[in-house]
Amino acid sequence: MRVLGIETSCDETGVAVYQGGRGMLAHAVYSQIEIHARYGGVVPELASRDHVRKTLPMIRQVLDEAGLAKPDIDGVAFTAGPGLIGALMVGAALGRSLAWAWGVPAIGVHHMEGHLLAPLLEEPAPEFPFVALLVSGGHTQLVAVAGIGRYQLLGESLDDAAGEAFDKTAKLLGLPYPGGPALAALAEQGDPGRYRFPRPMTDRPGLDFSFSGLKTFALNTWREEEAARSDREQTRADIARAFEEAVVDTLAIKCRRAVRQTGFPRLVLAGGVSANRRLRATMDGALAKEGARAFYPRPAFCTDNGAMIAFAGWHRLQAGQTEPLSFAPRARWDMAGLAPP
Ligand code: KG4
Ligand code: ZN
């Protein structure tokens, strides 16, 4: 079965075709960074309009690259939520319409299930059951995964998501949108010994997170140093480094705990922040102490993309699951409410 996947939940347009037994036949991602950069964050209306412009030409391009014609597609998967409602509606309406016109089934995919399954596209793929750490711009969740659609929430952020904390801290340090990768790059120049930020909520049991205090900690440090600052650039890098290490350590401590608690020796990392190199290195070391192993998507499949949607949709479509014509996208959608296909 060949499935066309369409992702339009935020500021990336992603399109891909996945075929069972063969893998990803073609995929393309277009990022709207330039459109939103001058506003310092995503402007939902501009995101929707740009998805309208880009999605159909990208579908044509991906089908061409894969050497496919319309009749070669056996199903269409589109991101149905959670995300920006106008942006979601573009991909959902287009995906649903194409499926109807082509006479094939369609399915609305949960964006975070897409992220969660992305590491299964790599070799070796992790076997079920595993723990998943989902770290994106909108979510920080630890999930026990028994199989597709069998998700139990173990813990989540009580305030800012990890990616959101990266983005906000980057902004207050004067870095351009999107802040996560920029802050990570700046942290490379930072002195790890100069500041030590707290590891929030690691001193008590449980698997929930809280990252908003770190952003404030970074802001206060930056302000305190302002008067006495001799080397502005170095101070900025040192704060970036201390912030990144605090987030990464906190995530690793909780992941270790989740692995111990579930007894699952495998942990999957997914979502935009899983592209972070320090996070990967720290996580590998922390899990090794538990005799567990971490699995990651390739960097291009960490951030939003169509491949993960095609793949997640393929799993459900080939099991016979489809959506009715009336299916509506959802800005908010709890992943724990998903069922197996
Ligand atoms: O999964 P994603 O592309 O979109 C959402 O579903 O939210 O994640 C985007 C988030 C942003 O907050 C971005 O700053 C963060 O992932 N991010 C990173 C890195 N690359 C992307 N954060 C830290 N280090 C990175 N290398
Ligand atoms: Zn995402």
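Presented here is a report on the structure given in the accompanying data block. (Residues numbered from 1 in each chain as written. Chains lettered and ligands numbered in written order. Predicted model: local features only at pLDDT ≥ 70, side-chain atom pairs only at ≥ 80, totals over all residues. Heavy atoms only, no water.)

## Brief notes about the overall build of the chain
Phase 1 of the analysis: Along the backbone of the chain there are 10 helices and 10 strands.
Phase 2 of the analysis: For the chain, the C-alpha radius of gyration of 20 Å lies close to 20 Å, the compact-globule estimate for 341 residues.
Phase 3 of the analysis: Principal-axis analysis of the C-alpha atoms gives the chain an extent of 65 × 45 × 30 Å.
Phase 4 of the analysis: Burial analysis of the chain (341 residues in total) assigns 55% to the buried set.
Phase 5 of the analysis: Within the chain, contacts between residues at least 6 apart in sequence are counted, and of these 74% link residues at least 24 apart.
Phase 6 of the analysis: When the accessible surface of the chain is totalled, it reaches about 14,200 Å², and 51% of it is carbon and sulfur. (Helix = DSSP H or I, 4+ residues; strand = E, 2+ residues; numbered from the N terminus. Rg over C-alpha atoms; globule rule 2.2 N^0.38 Å. Buried < 20%, exposed > 50% of the residue type's maximum accessible area, 1.4 Å probe, protein only. Contact = heavy atoms within 4.5 Å. Areas by Shrake-Rupley, 256 points an atom, 1.4 Å probe, with all protein chains shown as cover.)

## Some words on the nonpolar core
Phase 1 of the analysis: In this structure, Leu4, Leu116 and Tyr151 are the most contacted members of the largest nonpolar core, which totals 56 residues.
Phase 2 of the analysis: Considering each element in turn, this core owes the most residues, eight residues, to helix 10 (residues 307-317).
Phase 3 of the analysis: Excluding residues that lie within four positions of it along the chain, leucine 4 makes contacts with Val15, Ala16, Val17, Ile59, Ile73, Gly75, Val76, Ala77, Leu98, Trp102 and Ala310.
Phase 4 of the analysis: Ranked by size, the runner-up nonpolar core spans 47 residues in total, among them Ala170, Ala252, Met283 and Ala294. (Core = buried A, V, L, I, M, F, W, Y, C linked by side-chain atoms within 4.5 Å.)

## As for the state of the cysteines
Phase 1 of the analysis: Applying the stated criterion to the full structure yields zero disulfides.
Phase 2 of the analysis: We note that cysteine 10 lacks a disulfide partner, and the nearest cysteine sulfur, in cysteine 302, lies 16 Å from it.
Phase 3 of the analysis: Residue classification places cysteine 10 among the partly exposed residues on the basis of a relative accessible area of 23%.
Phase 4 of the analysis: Here cysteine 302 is not cross-linked by a disulfide; its sulfur's nearest cysteine counterpart is in cysteine 255, at 14 Å.
Phase 5 of the analysis: Judged by relative accessible area, cysteine 302 falls into the buried class, the value being 0%. (Disulfide = S-S within 2.5 Å.)

## Structural notes on unusual backbone geometry
Phase 1 of the analysis: In this structure, proline 124 follows glutamate 123 across a cis peptide bond, with omega equal to -5 degrees.
Phase 2 of the analysis: Mapped onto the secondary structure, proline 124 falls in the loop between helix 4 (111-117) and strand 6 (130-135).
Phase 3 of the analysis: Positive phi, close to 65 degrees, is recorded for methionine 201, a residue that is not glycine.
Phase 4 of the analysis: For methionine 201, the location among the structural elements is in the loop between helix 6 (179-187) and helix 7 (212-228).

## Quick look at the coordination of the zinc ion (ligand 2)
Phase 1 of the analysis: Only His111 (NE2), His115 (NE2) and Asp304 (OD) from the protein coordinate the zinc ion (ligand 2), and they sit 2.0 to 2.1 Å from it.
Phase 2 of the analysis: Going along the chain, you hit the donors of the zinc ion (ligand 2) in the pattern H-x3-H-x188-D. Of the two residues, histidine 111 sits in helix 4 while aspartate 304 sits in the loop between strand 10 (293-295) and helix 10, which places them 193 residues apart along the sequence. (Donors = N, O, S within 2.8 Å, 3.2 Å for Na, K, Ca; no water.)

## Details of empty space enclosed by the protein
Phase 1 of the analysis: Counting across every chain of the model gives one cavity of 30 Å³ or more.
Phase 2 of the analysis: Volume-wise, the largest cavity comes out at about 40 Å³.
Phase 3 of the analysis: Lining the largest cavity, in full, are Gln141, Val143, Tyr151, Gln152, Leu153, Asp334, Met335 and Ala336.
Phase 4 of the analysis: Listed by contribution, the elements that provide at least two residues to the lining of the largest cavity are strand 7 (140-147) and strand 8 (150-156).
Phase 5 of the analysis: In terms of residue class, the lining of the largest cavity is made up of five nonpolar, two polar and one charged. (1 Å grid on protein atoms, 1.4 Å probe; cavity = no way out; pocket = protein on both sides within 12 Å on 5 of 7 lines; lining within 4 Å. Points joined across faces, edges and corners; volume = space filled by probe spheres on them. Nonpolar A, V, L, I, M, F, W, Y, C, P; charged D, E, K, R; others polar.)

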